[in-house]
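# Coordinate inspection notes
Chain residues, written in single-letter form:
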Amino acid sequence: TKALGGRIPIKSDISRKLQKDVQSIVVEDVEFNLFPESYTLKIDMYLNLKEIIIHDSNFSMCSSFVLSNLPLLETLIVGDNSFNLGGGHTMAAAFSVTKCPSLRTITIGDSFRLFTSFELSGCDCGVL
């Protein structure tokens with residue numbers, strides 16, 4: 001990871017657990033596109049995670065994208081042609097980013113075109 005500036009590229013099955021102290025997730029172009037229809041990409045409770053970068057043409061059949069409980073996440077970048085439900089499927093598809101109070105930058109290219117819901121919230125501000 002030293003050559004990548006501390007970033008950890010995802011080169012194996014994304015469903016495997018990442019180390020809980022990971023600070024950066026980087027998915028290269030067309031790295032993850034061979035998944036069954038209608039699955040959820042959920043990244044939850046990585047307390048040191050600061051950035052997620054998903055390059056072009058990934059997760060085409062993913063029907064839910066969920067980020068939650070990531071207190072240090074500052075940056076989310078998704079390139080083009082990702083999360084596009086195979087280009088023509090019609091089904092409920094959810095984009096959800098919750099409890100990520102440090103999130104400052106979201107950059108999304110031509111992706112999530114057919115998703116049907118969008119949720120974005122920072123934290124449970126009423127809980128002390």
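The preceding data block contains the structure.
Described in the following lines is the structure provided in the data block. It should be emphasised that the depicted structure is a prediction, and the values quoted were computed from it without experimental measurement. Per chain, residue numbering runs from 1 following the sequence as it is written. Per-residue local features of the predicted model are confined to residues with pLDDT of at least 70, and side-chain atom pairs are confined, for both listing and counting, to 80 or more; whole-chain, interface and lining totals are unaffected and use all residues. Calculated side-chain values reflect all of the structure's heavy atoms, with hydrogen atoms and water omitted.

### Concerning the nonpolar core
By size, the foremost hydrophobic cluster in this structure holds 29 residues, and its most contacted members are Leu-49, Ile-52, Phe-59, Phe-65, Leu-67, Leu-70 and Phe-83. Helix and strand assignments come from DSSP, with helices taken as H or I runs of at least 4 residues and strands as E runs of at least 2, each series counted from the N terminus. Of all the secondary structure elements, the ones that give two or more residues to this core are strand S2 (24-27), strand S3 (39-44), strand S4 (51-54), strand S5 (62-68), strand S6 (75-78) and strand S7 (94-98). With sequence-adjacent residues up to four places away left out, Leu-70 is seen in contact with Ile-43, Asp-44, Met-45, Tyr-46, Leu-49, Ile-52, Lys-99, Cys-100 and Pro-101. Definition used in this section: a nonpolar core is a set of buried Ala, Val, Leu, Ile, Met, Phe, Trp, Tyr and Cys residues joined via side-chain atoms within 4.5 Å. Only protein chains enter the calculation, and the probe is 1.4 Å; a residue is then buried if its accessible area is under 20% of its type maximum, exposed if over 50%, and partly exposed in between. Whether two residues are in contact is decided by their heavy atoms, any of which lying within 4.5 Å being enough.

### What about the sheet that holds S5?
The strand order across the open sheet formed by four strands is S3-S5-S7-S9, and the pairing between neighbours is parallel. Among the strands making up the open sheet, the edge pair consists of S3 and strand S9 (117-120). Neighbour-to-neighbour, the strand axes of this sheet turn through a mean angle of 5°, independent of strand direction. Two elements, S5 and S7, share five bridges in a ladder whose sense is parallel. Within the sheet, the bridge partner assigned to Ser-64 lies in S7 and is Ala-94. Whether two strands pair depends on DSSP finding at least two bridges between them. Here an axis means a line fitted to C-alpha atoms, over the contact stretch when the element is a helix, while the angle between two N-to-C directions is reported on a 0 to 180 degree scale.

### Details of the environment of Asp-80
Tracing the chain through its elements places Asp-80 in the loop between S6 and S7. Separated by 26 residues in sequence, Asp-80 and Ile-54 have C-alpha atoms that sit 9.2 Å apart. Non-local contacts of Asp-80, meaning those with residues more than four positions away in its chain, are made with Asp-56, Ser-57, Gly-109, Asp-110 and Ser-111.

### Observations concerning the packing of aromatic side chains
Here a pair means two rings of Phe, Tyr or Trp (six-membered ring of Trp) with centres within 6.5 Å. Their orientation is stacked below 30 degrees between planes, edge-to-face above 60, and tilted elsewhere. Applying the stated rule across the entire model yields nine aromatic pairs. Residues Phe-95 and Phe-118 carry aromatic rings whose centres are separated by 4.8 Å and whose planes lie at 15° to one another, so their mutual orientation is stacked. Linking Phe-95 in strand S7 with Phe-118 in strand S9, this pair joins segments that are 23 residues apart in sequence. Taking relative accessible area as the criterion, Phe-118 reaches 57% and is therefore assigned exposed. Pairwise contacts between aromatic rings join Phe-59, Phe-65, Phe-83, Phe-95, Phe-112, Phe-115 and Phe-118 into one cluster. Distance and angle both matter: a charge sits over a ring if NZ of Lys or CZ of Arg is within 6 Å of the ring centre and within 35 degrees of the ring normal. A cation over a ring is seen here: Lys-20 above Tyr-46, with NZ or CZ 4.0 Å from the ring centre.

### Details of the side chain of Glu-51
The residue Glu-51 is located in strand S4 in this model. Glu-51 gets classed as buried once you look at its relative accessible area, which sits at 15%. A polar atom in the side chain of Glu-51 sits 2.7 Å from the side chain of Ser-24. In protein, a polar contact requires one atom able to donate a hydrogen and another able to accept it; more generally it is a pair of N or O atoms within 3.5 Å, and residues adjacent in sequence count only if both atoms are side-chain atoms.

### A word on the pairing of S2
Residues Ser-24 and Val-26 point to one face of S2 and Ile-25 and Val-27 to the other, with burial holding for every one of them. Across four bridges, the pairing between S2 and S4 is parallel. Residue pairing for S4: Ser-24 is matched across the bridge by Glu-51.

### Topic: the pattern of salt bridges
The rule for a salt bridge is simple: a side-chain nitrogen of Lys or Arg has to be within 4 Å of a carboxyl oxygen of Asp or Glu. A full pass over the atoms with the stated rule returns one salt bridge. In this structure, the salt-bridge partner of Asp-110 is Arg-113, at a minimum N-O distance of 3.1 Å. Here Asp-110 falls in the partly exposed class, since its relative accessible area comes to 41%. For Arg-113, a relative accessible area of 40% translates into the label partly exposed.

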